[in-house]
Amino acid sequence: MAPELGHIALILALCVALIQSVLPLAGAQARDPALMATAKPAAYAQFFLVALAFGCLIYSFVVSDFTVENVVRNSHSAKPMLYKVSGAWGNHEGSMVLWALILALFGAAVAAFGRNLPPGLKARTLSIQAMIGVAFLAFIVFTSNPFNRVFPPPPDGQDLNPLLQDPGLAFHPPLLYLGYVGFSIVFAFAMAALIEGRVDAAWARWVRPWTLAAWSALTGGIALGSWWAYYELGWGGWWFWDPVENASFMPWLVGAALLHSAIVAEKRDALKTWTILLAILAFALSLVGTFLVRSGILTSVHAFAVDPKRGVFILAILIIAVGGSLALYAWRAPMLKAGGLFQPISREGGLVLNNLLLGTATATVFIGTLYPLFLEAIGGAKVSVGPPFFNATFVPLMVPLLIAVSFGPMMGWKRAELGAVFQRLWVALALSLGVILLTLAVDKTRHVLAALAMGLAAWLIFGALIEWAERVKLFRAPLATVWSRAVNLPRAAWGMTIAHAGLGLMVLGITGSTAWQTEVIRLVRAGDAFDVAGYSFVFKGTQRQEGPNFIATRAVFEVYKNERLYAVMTPEKRLFPAAGSTTTEASIRTNLLADLYATIGDPEGAGQPGAAGPPAFLTQAGQDVAWTARIYHNPLVPWVWLGALVMMIGAGVSLTDRRHRVGAPQRLPQAALPTAAE
Amino acid sequence: MKRLAFLLMLLTGPALAVLPSERLADPALEARARALSLELRCQVCQNQSIDDSNAPLAADLRRLVRERLVAGDSDAGVLDYVVRRYGDYVLLRPPMREDTALLWFGPLAILIAGGIGAFVYLRRRKLTVEAALTAEEEARLKAIVERRE
């Protein structure tokens, strides 16, 4: 019953989306308030119907309804409840329903919270949003129906890929999609503005909270995915420049550029056409990412859809959306009036530099990710583009960008003097030089580049703090004044300080884990003792462990620091009989300054992977067996993700700025005022 | 089907790349071997270096790299040797050639083009920028701002 209900709900949602994509737009063109008003109930209905379908899908997973093909292929009756639920979106069909759900969620949110939007803009935005909904709902209904039944139903399911049975990965797709799909609403706003032929500061102000929300969620989604890779894949690494990672990284980079250019559009009425273009590109890259992952064109750990028919469908959506929006842009953008003027050395100029570097960085990732496909498609040589390429091209672009980050907020709008900015930043500069020297003095490896990178991280953190200190007049005014200034400081300013400092923390983590990682790979027998980065490890042997849907061998290491027991680390290898595969569970002990990271491999002399029978790690359990152990000491690595979390918090704080909610200043709705902000 | 085989291989034991038995006794040589391994692709995997991969083929390549190092090859010599046997596809940093020029110089071209575009945009608009405030106006403005605070 539930699958049929869900299926009908999906088809109805498609119908509603069709209506929503036509009526409000037609109403806005004809200036018919009644037609425009259909947008709101339609957006609600679409959201309700997709949510109903999604609920039915989750219900089928929760009750392990093995008459549904999707449940059979991705679930198992013995699977823990969390993974039964997350299994609903841990597969192609389900994840597309999640996509559509979040799309509808954003549409409904605009319908609900967009009270201060002019009715025409709101109607057009919701129509465009519904068009995207039509495309994806049609994709689901016609090529990826999650509710297909099987007959006769098998006694049990084939289980979810065990790598995906993980709390981190249960929440990774929803967050990532909130970001990806969140850009759709920004895209819809951009299209609506182009149709109206009007982009003003008010428009930029309406768009900014949605961009912030999407970007913040995308930050979280990417960070969660990276963290998952770190603890689940067992290599101790956290970013691999994998095409699927790049697919989510590109919209993130453009989204970051958009966040900044929208500020210029809002405050100074400049860079408007550029901001519109970024809004289009952010969503276009989200679609490219969806295409790359969903079409199976890049087969990797994530790509669980291997069906060319679907690839062609998404490619068609991609071409129509991107081609159509760029055509509309080329036609209408020249009609937009250029706004506020500024000198090259100014806050605007700094934000142009930000956009230039972020844009080029995005292009670098784009070219690097797609070049092998492109070359192969035109019959050229087969090449690989991997981490060494990205490290050589992407990192040099980030260095000037990160240096510029602390300058930007110090510069005045319209016109600034570098000398004066330097004067205000000398403390940050001195502190950063101090950090570089201190690093060189302490670091026995004398890693000069790493010391410079630590200095860069310090520059970002102190730069952000000093800008904040100046705004609240810290040390220069009585404490009561400082307090009241801090309380009255716009939330957006707080958000910027927090996000920029978070970026610095992330650089700290990246540097530490890249430059000073210690790795020990060795065979261990019960009773063996060895040192890793000042910690003494004693291998106590292995135990057999039974989980709900797996059997594991658990290795036990006692870790001593200064003769005292510091931790007991228990890495595991697990066999999932239903899925017929194994996973490695790293054991991680963090003190926030560094991680100890242990994994256990196969016993010595184990056969090649793929040999028949139970794997060697389960059958060989004697005392004399030698196991391969890999132990890492990863300095500062937690800050890679904590930095991302701080950036998310920054975006969240900025989102609560009441100026975003209250809407535009009164004088703006007429918009045509020449250089209104002067 | 081949794709499926890849996936299965990835899934059956993702950890464990470099094995203890493969490692060279000389730490300097071993460090060079590790650095070189990060530049080489495991051909049967999806986007993994031979250093990260546990596929048998990657293990063979790791051994080959170490053999060449022990034989006295330079880093470039080892990469040359591996490329002669397996082709350019094994290099994770593709060689700079005519057909990869777009890959290597595309980003730089975009940066330069974008830089010129931004410069021209700013220049053109600067011509129309109004005169800046005089020192006197500047002082009056400051006084007004401070009074408001």
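All values reported here derive from a predicted model rather than from experimental measurement. (Residues numbered from 1 in each chain as written. Chains lettered and ligands numbered in written order. Predicted model: local features only at pLDDT ≥ 70, side-chain atom pairs only at ≥ 80, totals over all residues.)

Draft legend 1. The overall build of chain B, seen in detail. Regarding its fold elements, chain B presents six helices and zero strands. Helices and strands appear in chain B in the N-to-C order α-α-α-α-α-α. Looking at chain B residue by residue over its 149 residues, the buried ones come to 28%. Residue pairs in contact within chain B that sit at least 24 positions apart in sequence constitute 51% of those at least 6 positions apart. (Helix = DSSP H or I, 4+ residues; strand = E, 2+ residues; numbered from the N terminus. Buried ≥ 20, exposed ≤ 12 C-beta atoms within 10 Å, placed from the backbone. Contact = placed C-beta atoms within 7 Å.)

Draft legend 2. Summary view of the overall build of chain A. Counting its secondary structure elements, chain A contains 21 helices and ten strands. Taking 2.2 N^0.38 as the reference for a compact globule, 678 residues should give roughly 26 Å; the C-alpha atoms of chain A span a radius of gyration of 27 Å, in line with that estimate. C-alpha atoms of chain A, sized along the principal axes, occupy 85 × 70 × 55 Å. Out of the 678 residues belonging to chain A, those deemed buried represent 56%. Within chain A, contacts between residues separated by at least 24 positions form 76% of all contacts whose residues are at least 6 apart in sequence. (Rg over C-alpha atoms; globule rule 2.2 N^0.38 Å.)

Draft legend 3. Quick peek at the pairing of strand 2 (residues 529-532) of chain A. Residue and element names in this part refer to chain A. Bridging between strand 2 and strand 3 (residues 535-546) involves four bridges; their strand directions are antiparallel. When the bridges of strand 3 are listed, Asp-531 appears paired with Ser-536. What sits between strand 2 and strand 3 in their antiparallel hairpin is a turn of two residues, with Ala-533 showing a positive phi close to 45°. (Pairing = 2+ DSSP bridges.)

Draft legend 4. Representation of the domain arrangement of chain A in the model. Residue and element names in this part refer to chain A. Domain boundaries assigned for chain A yield domain 1 (1-160) and domain 2 (518-604 + 615-635). The centre of domain 1, based on its C-alpha atoms, is set 43 Å off from the matching centre of domain 2. Taken together, the contact pairs six residues of domain 1 with five residues of domain 2. Residues belonging to the side of domain 1 that touches domain 2 are distributed by class as follows: two nonpolar, two polar and two charged. (Domains from an automatic or database assignment. Nonpolar A, V, L, I, M, F, W, Y, C, P; charged D, E, K, R; others polar.)

Draft legend 5. View of the packing of helix 9 (residues 201-232) of chain A against helix 10 (residues 243-268) of chain A. Residues and elements named next belong to chain A. Look at helix 9 against helix 10: their axes get within 9 Å of each other, and the N-to-C directions meet at 155°. Overall, the two elements helix 9 and helix 10 adopt an arrangement that is roughly antiparallel. As for how helix 9 packs across helix 10, the hand of that crossing is left-handed. Taken together, the residues of the contact of helix 9 with helix 10 sort by class into 16 nonpolar, five polar and three charged. (Axes fitted to C-alpha atoms, helices over the stretch in contact; angles between N-to-C directions. Parallel < 35°, antiparallel > 145°, perpendicular 65-115°, else oblique. Left-handed = near helix turned anticlockwise from the far one by under 90°.)

Draft legend 6. Representation of the environment of Thr-393 of chain A within the structure. Residue and element names in this part refer to chain A. Checked against the element boundaries, Thr-393 lands in helix 14 (residues 387-407). Assessed through the 23 C-beta atoms surrounding it within 10 Å, Thr-393 is described here as buried. Distance from Thr-393 to Thr-583, taken between C-alpha atoms, is 34 Å for residues 190 residues apart in sequence.

Draft legend 7. Inspection of helix 3 (residues 39-62) of chain A at higher detail. An ideal rise of 1.5 Å per residue puts 34 Å on 24 residues; helix 3 of chain A measures up with 34 Å between its terminal C-alpha atoms. Immediately downstream of helix 3 of chain A, the backbone of Ser-64 of chain A shows phi near 50°, a positive value. (Expected span 1.5 Å × (residues − 1).)

Draft legend 8. Region of interest: the nonpolar core. Residues and elements named next belong to chain A. Counting residues in each nonpolar core, the largest one holds 220 residues, and the members touching the most others are Ala-100, Val-186, Ala-279 and Leu-460. Broken down by element, this core gets its largest block of residues, 19 residues, from helix 9. Excluding residues that lie within four positions of it along the chain, Ala-279 makes contacts with Val-186, Phe-187, Phe-189, Ala-190, Val-207 and Leu-258. Core analysis: the second largest hydrophobic core is formed by 18 residues, Val-524, Trp-627, Ala-629 and Tyr-632 among them. (Core = buried A, V, L, I, M, F, W, Y, C linked by C-beta atoms within 7 Å.)

Draft legend 9. Structural detail: the confidence of the model for chain A. Residue and element names in this part refer to chain A. With 93% of its residues at a pLDDT of 70 or more, chain A shows a mean pLDDT of 87. Between the elements of chain A, mean pLDDT differs from a low of 65, seen in helix 21 (residues 658-662), to a high of 95, seen in helix 3. Every residue in residues 300-305 is under pLDDT 50, and counting partners more than four places away or in other chains gives 19 contacts. In the predicted structure, residues 663-678 sits below a pLDDT of 50 and forms 20 contacts with residues beyond four places in sequence or in another chain. (pLDDT = per-residue confidence, 0-100.)

Draft legend 10. Expanded view of the pairing of strand 3 of chain A. Residue and element names in this part refer to chain A. Relative to strand 4 (residues 551-561), strand 3 runs antiparallel, the two sharing ten bridges. Across the sheet, residue Gly-541 finds its bridge partner in strand 4, namely Val-556. Hairpin connection of strand 3 to strand 4: four residues between the antiparallel strands.

Draft legend 11. A look at the sheet that holds strand 10 (residues 627-635) of chain A. Residue and element names in this part refer to chain A. Strands sit in the order 1-10-9-8 across an open sheet of four strands; the sheet is antiparallel. The outermost strands of the open sheet, each flanked by one partner alone, are strand 1 (518-524) and strand 8 (587-590). This sheet shows a mean twist of 15° between the axes of neighbouring strands, independent of strand direction.

Draft legend 12. Main features of the confidence of the model for chain B. Residue and element names in this part refer to chain B. Of the residues in chain B, 81% reach a pLDDT of 70 or more, and the chain-wide mean stands at 79. Looking across chain B, the model is least confident in helix 1 (residues 2-11), with a mean pLDDT of 38, and most confident in helix 4 (residues 75-86), with 91. The low-confidence segment residues 1-15, where pLDDT is below 50, has 30 contacts with residues more than four positions distant or belonging to other chains. The ipTM for the predicted assembly is 0.82, set against a pTM of 0.88.

Draft legend 13. How the structure looks around the environment of Ser-21 of chain B. All names here are of chain B. Position of Ser-21 among the secondary structure elements: in the loop between helix 1 and helix 2 (27-37). Ser-21 gets classed as exposed once you count the C-beta atoms within 10 Å, which come to 11. Separated by 32 residues in the primary sequence, Ser-21 and Ser-53 have C-alpha atoms spaced 15 Å apart.

Draft legend 14. Structural context of the packing of helix 6 (residues 92-113) of chain A against helix 8 (residues 167-196) of chain A. Residue and element names in this part refer to chain A. Two elements in contact, helix 6 and helix 8, have axes whose closest approach is 9 Å; the angle formed by their N-to-C orientations is 50°. With respect to their mutual orientation, helix 6 and helix 8 come out oblique. For helix 6 against helix 8, the interelement crossing comes out right-handed. Here Ser-95, Leu-98, Trp-99, Ile-102, Leu-103, Phe-106 and Val-110 of helix 6 lie close against helix 8, whose contacting residues are Pro-173, Pro-174, Tyr-177, Leu-178, Val-181, Gly-182, Ser-184 and Ile-185.

Draft legend 15. Representation of unusual backbone geometry. All names here are of chain A. Cis geometry is adopted by the peptide bond preceding Pro-152, which originates at Phe-151 and carries an omega value of -5°. Positive phi, normally seen in glycine, also occurs at Trp-241, with a value near 55°. Considering the arrangement of structural elements, one finds Trp-241 in the loop between helix 9 and helix 10. Using a count of 20 C-beta atoms within 10 Å as the deciding quantity, one classes Trp-241 as buried. Its identity is not glycine, yet Ala-533 carries a phi of approximately 45°, on the positive side. The exposure class assigned to Ala-533 is partly exposed, which follows from the 16 C-beta atoms found within 10 Å.

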